[in-house]
Amino acid sequence: NTKEGSNVLCGEPVSPGTYEGRIRIIHDPSKAKLSQGEVLCCHGTDPSWTPLFLSAGALVMEVGSLMTHGSVVAREYGIPAVMGLNKVTERLTTGQLVRIDGSSGVVEIID
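Counting of residues starts from 1 at the beginning of each chain's written sequence and follows it residue by residue. Local features in a predicted model are, by the rule used here, given only for residues with pLDDT of at least 70; side-chain atom pairs are given and counted only at 80 or more, and totals for whole chains, interfaces and linings are based on all residues. Side-chain measures were taken over the full set of non-hydrogen atoms in the model, leaving aside hydrogen atoms and water.

Moving on, we come to the pattern of salt bridges. Salt bridge, as used here: a side-chain nitrogen of Lys or Arg that lies within 4 Å of a carboxyl oxygen of Asp or Glu. Applying the stated criterion to the full structure yields 5 salt bridges. Of the charged contacts, one joins aspartate 111 and arginine 22 as a salt bridge, the two residues approaching to 3.5 Å between their closest N and O atoms. Taken together, the residues aspartate 111 in the segment after β8 (106-109) and arginine 22 in strand β3 (residues 18-25) connect sequence positions 89 residues apart. Of the charged contacts in the structure, one is a salt bridge between arginine 24 and glutamate 38, with a shortest N-O distance of 2.9 Å. Residue arginine 24 is found in strand β3, and its partner glutamate 38 is found in the loop between β3 and β4 (39-42); the two are separated by 14 residues along the sequence. Each of the salt bridges in this network shares a partner with another, and the network as a whole consists of Glu20, Arg99 and Glu108. Only DSSP runs of H or I with at least four residues qualify as helices, and only runs of E with at least two residues qualify as strands; both kinds are numbered from the N terminus onward.

With that out of the way, let us pick up the nonpolar core. Grouped together as the largest cluster of nonpolar side chains are 16 residues, with contacts concentrated most on Leu40, Trp49, Phe53 and Leu59. Looking at this core, the elements that each hand over two or more residues are β4, α1 (50-53), β5 (58-61), α2 (69-77) and β6 (81-83). Between two residues, a contact is recorded if the distance between any of their heavy atoms is within 4.5 Å. Apart from the residues within four sequence positions on either side, leucine 59 is in contact with Val39, Leu40, Cys42, Phe53, Gly70, Ala74, Ile79, Pro80, Ala81, Val82 and Met83. The criterion is simple. A nonpolar core is a set of buried Ala, Val, Leu, Ile, Met, Phe, Trp, Tyr and Cys residues joined through side-chain atoms within 4.5 Å. Note on classification: 1.4 Å probe, protein chains only; a residue is buried when its accessible area is under 20% of the maximum for its type, exposed when over 50%, partly exposed between these limits. Grouped together as the second largest cluster of nonpolar side chains are 15 residues, Ile23, Ile25, Ala58 and Val60 included.

Within a sheet, each strand pairs with its neighbour through backbone hydrogen bonds, oriented either parallel or antiparallel. Strands are labelled as partners when DSSP assigns at least two bridges between them. Read from one edge to the other, the open sheet built from 8 strands follows the order β1-β8-β7-β3-β4-β5-β6-β2, with strand pairing classed as mixed. Either end of the sheet is taken by a strand with one partner, and the two such strands are β1 (8-10) and β2 (12-15). Between one strand axis and the next, the sheet turns through 25° on average, direction left out of account. Pairing analysis gives 4 bridges linking strand β7 (residues 97-101) to β8, with the strands arranged antiparallel. Residue isoleucine 100 lies in a different strand from β8, and its bridge partner there is valine 107. To define axes, lines are fitted to C-alpha atoms, for helices over the stretch in contact only, and angles between the resulting N-to-C directions are given on a 0 to 180 degree scale. Of the strands in this sheet, β2, β5 and β6 are in contact with α2, which crosses β2 at around 45°.

Attention shifts here to the packing of aromatic side chains. Side-chain rings of Phe, Tyr and Trp, where Trp is taken by its six-membered ring, are said to pair if the distance between their centres is within 6.5 Å; with planes under 30 degrees apart they count as stacked, over 60 as edge-to-face, and otherwise as tilted. Tallied over the entire structure, the rule returns 1 aromatic pair. Look at phenylalanine 53 and tyrosine 77: their rings are 6.3 Å apart centre to centre, the planes differ by 55°, and that puts the pair in the tilted class. Pair noted here: phenylalanine 53 is in helix α1 and tyrosine 77 is in helix α2, with a separation of 24 residues, a long-range link.

With that settled, the discussion passes to the side chain of glutamate 38. Of the residues examined, glutamate 38 reaches a relative accessible area of 11% and is grouped as buried. In contact with glutamate 38, other than residues within four places in its own chain, are Arg22, Arg24, Lys33, Ser55, Ala56, Gly57 and Ala58.

Here it is as structure tokens:
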């Protein structure tokens, strides 16, 4: 069991796999640009966010569970996802290098 710390965030694993990439915090999908392979970091998603999943390498979200929109779409697209990360859009910053483990729910800050 991994414990949360200064460089480790623990949430709910909702789409399996591991991925290492840079965070892109997005609050409004209509005004957002996500470069190929960036880690989509947001409060929550609905169908208007779906086009961003085409570019995302992984997904981290503040709210959600196994059957919410972001989880289902992440599994459909085969990208690792972790949800239930309290205030993740405040705790992480755009450009940070992270390792996502969608099988264990661990997000490790590398840089």
